[in-house]
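So you can see what is in the structure, the chains are spelled out below.
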Amino acid sequence: MIDTLDVGERTTRVAVMNYASTVKVEFPLRTYFDKASMKEAVSHIGPLSTGTMTGLAIQTAMDEVFTEEMGTRPATFNIPKVVIVVTDGRPQDQVQDVAASARTAGIEIYAVGVDRADMQSLRIMASEPLDEHVFYVETYGVIEKLTAKFRETFCAANMCALGTHDCEQVCVSNGGSYLCDCHEGYTLNPDKRTCSAVDTCAPGRHECDQICVSNNGSYVCECYEGYTLNPDKKTCSVVDMCAPGRHDCAQVCLSNDGSYSCDCYEGYTLNPDKKTCSAVDMCAPGRHDCEQVCVRDDLFYTCDCYQGYTLNPDKKTCSRAITSSLVTTEESCKCEAIAALQDSVTSRLEALSTKLDEVSEKLQVYQGRQQVV
């Protein structure tokens, strides 16, 4: 029977159970993936004690063999499950209900009777149609005669379960033949046997609003910088880059389509780092409209004028100061008295000077006379 199968990890996996009054799993589906190792293991199997607990054997197959832990491939792979029961006796337990449960679970049962096997029991446990699932031989020694018929029936019933196919991923039974298919995320190549990963991010294959990232036959959506993925995992929304904690502007943050730029309050200017701000010198040339003097006052300024000038009502321009020429009568009199005094003193000084000149001349005449005497 092993020789009729295409044994392999990606084709047909085989397990062997030995039963009598007890049940023993000789090796599960995950152990051997080549015929030589499998037949070598089978050659060392010895018979158990007497008894024929066929129902217990089928139940053990469901509970302990057809599990993913023991090598059964996931149900999504749609790999057929097949049990071949070989017995030479009558079941000593209730097999009808257990076999029905197995068939309901999708397990196809073939029954092979040897020598004194109870044919009625074989028909109870086997799948329909019975003429394709029930076999009989006289002795174990001639069971190999059954191989050709068994292979023919088995292949016609399910070539995918037999393993005589060349599908790379998924085999789909189609009457007495089969078709190949691929796992999700893969597509069947033109050779109708092998599969290639689908570019799930190709145009029209995804629902991403902005960025599609291929991920092992599937895809995930992402967003451009400045956007965030919405709960639907497909569309994107602009991130408020000016929300607290998202920017490093010292004063003013301006949102700009998923990005931002920094600005400053009035009276400040943006530094070269494009983030921080410095106070503006409002009295710098070109920044004020004072005609003469600009006086800085924190972020503002006021205008002033040079000495001898006064600030006009516009608070910007200056005019020369006007000195008043009006004096009081009392002040006028004082000025005239001072002038008269100055004239009197001048006149007296001039008269005194004349007198001094006359005295000097007389003194010279007198001195001349003394010299003569």
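A brief structural summary. Quick caveat, the model's predicted, so the values are computed rather than measured.

What follows is about the overall build of the chain. For the chain, the helix and strand inventory stands at seven helices and 21 strands. The buried share of the chain, reckoned over its 373 residues, is 32%. Considering only intrachain contacts with a sequence separation of at least 6, the fraction spanning at least 24 residues in the chain is 41%. Accessible area of the chain: about 24100 Å², with a carbon and sulfur share of 50%.

For the rest of this paragraph, the subject is helix α2 (residues 54-65). Those residues of α2 that fall on the buried side of the exposure criterion are Thr54, Gly55, Ala57, Ile58, Thr60, Ala61, Met62 and Val65. Lining the buried residues of α2 we find β1 (16-19), β2 (23-27), β3 (81-87), α3 (96-104), β4 (107-114) and α4 (119-125).

Here we take up the packing of α2 against α3. Taken N-terminus to C-terminus, the directions of α2 and α3 make an angle of 25°; their axes are 8 Å apart at the nearest point. Comparing the axis directions of α2 and α3 gives the class roughly parallel. Taken as a pair, α2 and α3 cross one another with a handedness that is left-handed. Across the interface between the two elements, Gly55, Ile58, Gln59 and Met62 from α2 touch Val98, Ala99, Ser101 and Ala102 from α3.

What follows concerns the state of the cysteines. A complete count under the given rule lists 11 disulfides for this structure. A sulfur-sulfur distance of 2.0 Å marks the disulfide that ties cysteine 242 to cysteine 253. Sign of the S-S torsion, about -75° for the bond between cysteine 242 and cysteine 253, identifies this disulfide as left-handed. Here cysteine 242 is found in the loop between β13 (236-238) and β14 (252-256), whereas its partner cysteine 253 is found in strand β14, with 11 residues between them in sequence. Residue cysteine 253 is classed as buried on the basis of its relative accessible area of 18%.

So, on to the layout of surface pockets. Here the second largest pocket is characterised by a volume of approximately 150 Å³. Lining the second largest pocket are Glu9, Arg10, Arg13, Arg73, Phe77, Ile79, Glu168, Gln169, Val170 and His183. In terms of residue class, the lining of the second largest pocket is made up of three nonpolar, two polar and five charged.

This part is about the pattern of salt bridges. In a structure, side chains of opposite charge can pair up when their charged atoms sit close to one another. Summed over all chains, the structure comprises nine salt bridges. A salt bridge links aspartate 248 to lysine 275, with the nearest nitrogen and oxygen atoms 3.0 Å apart. With aspartate 248 in the loop between β13 and β14 and lysine 275 in the loop between β16 (268-270) and β17 (277-279), this residue pair connects regions lying 27 residues apart in the sequence. On the basis of relative accessible area, aspartate 248 is assigned to the partly exposed category, the value being 36%. For lysine 316, the salt bridge is made with aspartate 289, and the minimal N-O distance between the two is 3.0 Å. Of the two residues, lysine 316 is situated in the loop between β20 (309-311) and β21 (318-320) and aspartate 289 in the loop between β17 and β18 (293-297); the sequence distance between them amounts to 27 residues. Aspartate 289 sits in the partly exposed class, given a relative accessible area of 38%. Salt bridges here are not isolated pairs; linked through shared partners, they connect Asp166, Asp191 and Arg193.

Cut-offs and rules
Residues numbered from 1 in each chain as written. Predicted model: local features only at pLDDT ≥ 70, side-chain atom pairs only at ≥ 80, totals over all residues. Heavy atoms only, no water. Helix = DSSP H or I, 4+ residues; strand = E, 2+ residues; numbered from the N terminus. Buried < 20%, exposed > 50% of the residue type's maximum accessible area, 1.4 Å probe, protein only. Contact = heavy atoms within 4.5 Å. Areas by Shrake-Rupley, 256 points an atom, 1.4 Å probe, with all protein chains shown as cover. Axes fitted to C-alpha atoms, helices over the stretch in contact; angles between N-to-C directions. Parallel < 35°, antiparallel > 145°, perpendicular 65-115°, else oblique. Left-handed = near helix turned anticlockwise from the far one by under 90°. Disulfide = S-S within 2.5 Å. 1 Å grid on protein atoms, 1.4 Å probe; cavity = no way out; pocket = protein on both sides within 12 Å on 5 of 7 lines; lining within 4 Å. Points joined across faces, edges and corners; volume = space filled by probe spheres on them. Nonpolar A, V, L, I, M, F, W, Y, C, P; charged D, E, K, R; others polar. Salt bridge = Lys/Arg side-chain N within 4 Å of Asp/Glu carboxyl O.

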